[in-house]
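Each chain, written out:
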Amino acid sequence: METVRNELRNIAIIAHVDHGKTTLVDAMLKQTGIFRANEKVAERVLDSNDLEREKGITILSKNTSIQYRDTRINIVDTPGHADFGGEVERILKMVDGVLLLVDAYEGPMPQTRFVLRKALSMRLKPIVVINKIDRKDARPAEVIDEILDLFIELGADESLLDFPVVYASARDGYAKLSLSDEPKNLEPLFQTILEYVPAPGGDMDAPLQLLVSSIDYDDYIGRIAIGRIERGTITRDQQAVICKRDGSIQNMKISTLQSFLGLKRINIESATIGDIVAVSGISDITIGETICSKDKPEPIPFVDIDEPTISMYFLVNNSPFAGKEGTYVTSRHLRERLYKEVESNISMRVEDTDSPDTFKVSGRGELHLSILIETMRREGYEFQVSKPEVITIERDGEILEPMEYLVVDIPEEYMGSVMEKLGARKGEMVNMHNTGQGSVRLEYRIPSRGLIGYRSEFLTDTRGNGIMNHVFNGYEPWKGEIRKRTRGALVAWETGESVTYGLFNAQERGSLFIGPGVPVYEGMIVGECSRNEDITINVCKKKHVTNMRASGSDEALKLVPPINMTLEKCLEFIEDDELIEITPKSIRLRKKILNTEQRAKVRNSAKK
């Protein structure tokens, strides 16, 4: 018999990066009494991962719930970066409505477009929340028009176009239905959710169906499957089966059953249609599989995940400093960790290669892969990675490459240099308009490979005043050769420790990445050359001691401060014949062939 659960609502919050999703969830949790009055609560409480806090972004989706009067509202906070789109897609399977959060000044951005397209194709009811209306430069009326244009552009029908609008300031903890209303609290937002988001319904007495949309891990109970009950009822200690993605069926017992309350998981005895629960009891359960009752195993079709667009090779570290700084250094350690990542990170792929020490890892973008590298580094892994490359596909005998939809907001005076650089990277302008206050917004279609290595150049060209966002936008025929790095590398000539005298002589040749007292080895890249060629330099060279004093020889040698090469900068810098050495303590750049003479032989034979 069909039952509608009016006491329950399931919503996801979708928005562009930095439009205030996680801050809004904080305010919703505080105003519904989830925290004790004296409890110390961190800001952006859902961004629990260290990397999320440092970068100010959400990487993994999070589940939480609030109790508003008699209704329980399950909330899923989703990532705003296109690179974590795999997370967004499957999370939308758990909800009946979405809060579309848009900045009152910036308006809808590329990521808003990407996630909204997914939500509308699944016919999820949208509630538009115009956030940050307390900004001095807020322009809510224009932003609503832009959102309406976006809905029409994405093919939304009449029923989805009639969306409610809530004006909010997540930071100050209030929402209102009209700009003229007095700001009090988030009550208008809660009321709108109850009114517009459909309550889940289904047959409680039918055989169980639960689609696994997310995976968590606990050191004590192992893998935890998180998903929403589509049909029937689930109880603790129940005997059930898993419909695997390959079509096979596996028996299981529900050993623990938990639901979400605030930020905690609480043990429950049973749950029914519409509930989002966490289940443990089987070691190899994975995303996209369905937990069913034994007497009627029927899998639920799983949403197609967009394929990876960028790949790179992960190699065992074989530099002269290998094993000195990391805990996990062997190919077995590296292989196990990469394959473990794929189990929960479903938009990532890992493949073995001809060499047991090299693995091909493919992801949704530079950021997607750099987050994995940084996470592994912090866990104590030591390895090397190659230059990122785009993944092409062949269709009807033609090579197609991934494209990005790029939006840049820049002050007008930097427009010329940005347009010149994007043109050289095969970017094609599709739109341009003034956003007021001397700023301009440029919209481009550009090959994914054209953006590799561009972010730091863009920040330099705009003196740090530019904002750049992009989202995957399908495949198009190969756009031709794109000019690569225009400068060579300064390469260390011998193994030792860098000294001021050697660096002082080297800095005339280009920009250095290291200061004095840094251990270096032959073949390690210590700077960027000022010309388009690699130069071998001796940064360990000491001044010859003589008993003669020359005038001015005792003056202190002045060194230019070295460039701080972050992981992102290294990924943008390296070429095909170079690698990045990653350890828990250091990030080093190196040539694949360390020996100077061998490199010269290879270079000479390539010229012939």
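Above this note sits the structure.
This is a predicted model, so every value here is computed, not measured.

K.L.:
Even after reading the chapter, I still don't get unusual backbone geometry, so can you show me in this structure?
P.N.:
One can expect most non-glycine residues to show negative phi and most peptide bonds to be in trans. Its identity is not glycine, yet Arg123 carries a phi of approximately 55 degrees, on the positive side. Structurally, the position occupied by Arg123 is in the loop between helix 4 (110-121) and strand 6 (125-131). On the accessibility criterion, Arg123 (47% relative accessible area) is partly exposed.

K.L.:
How do you make sense of helix 7 (residues 187-196) when you look at a structure like this?
P.N.:
Count 3.6 residues to each turn of an α-helix, and residues three or four apart come out pointing the same way. All of the buried residues in helix 7 are Leu189, Phe190, Thr192 and Ile193. Along the axis of helix 7, the buried positions cluster into a sector of 160 degrees, meaning they face one direction only.

K.L.:
Where do I start with the packing of aromatic side chains in this structure?
P.N.:
When we look at a pair of aromatic rings, we describe it by the centre distance and by the angle of the planes. If you walk through the whole model with that rule in mind, you get seven aromatic pairs. Between Phe314 and Phe383, the ring centres sit 5.4 Å apart and the planes meet at 10 degrees, which makes this aromatic pair stacked. Note that Phe314 is positioned in strand 20 (residues 310-316) and Phe383 in strand 23 (residues 383-385), a separation of 69 residues in sequence. The exposure class assigned to Phe314 is buried, which follows from its relative accessible area of 0%. You can call Phe383 buried: its relative accessible area is 0%. On the basis of an interplanar angle of 85 degrees and a centroid distance of 5.3 Å, the ring pair of Phe513 and Phe573 is categorised as edge-to-face.

K.L.:
Can you walk me through the side chain of Arg588 in this structure?
P.N.:
Considering the arrangement of structural elements, one finds Arg588 in strand 37 (residues 587-591). For Arg588, the side chain forms a polar contact with the side chain of Glu325, separated by 3.0 Å. Among the polar contacts listed, one links the side chain of Arg588 to the side chain of Ser586, at a separation of 3.4 Å. Filtering out sequence-adjacent residues up to four positions away, Arg588 remains in contact with Phe321, Glu325, Tyr521, Met524, Leu579, Ile580, Glu581 and Thr583.

K.L.:
When you look at helix 5 (residues 140-153) in this model, what are you seeing that I'm missing?
P.N.:
Look at helix 5: 20 Å from first C-alpha to last across 14 residues, which is about the 20 Å you get at 1.5 Å a residue. Listed in full, the buried residues belonging to helix 5 are Pro140, Val143, Ile144, Ile147, Leu150 and Phe151. All buried residues of helix 5 fall inside an arc of 120 degrees around its axis, so they share one side. For helix 5, the exposed residues set more than 90 degrees away from the buried face come down to Ala141, Asp149, Ile152 and Glu153.

So, how was this worked out
Residues numbered from 1 in each chain as written. Predicted model: local features only at pLDDT ≥ 70, side-chain atom pairs only at ≥ 80, totals over all residues. Heavy atoms only, no water. Helix = DSSP H or I, 4+ residues; strand = E, 2+ residues; numbered from the N terminus. Buried < 20%, exposed > 50% of the residue type's maximum accessible area, 1.4 Å probe, protein only. Arc of directions from axis to C-beta. Phe/Tyr/Trp six-rings, centres within 6.5 Å; stacked < 30°, edge-to-face > 60°. Polar contact = N/O pair within 3.5 Å; in protein donor to acceptor, adjacent residues only side chain to side chain. Contact = heavy atoms within 4.5 Å. Expected span 1.5 Å × (residues − 1).

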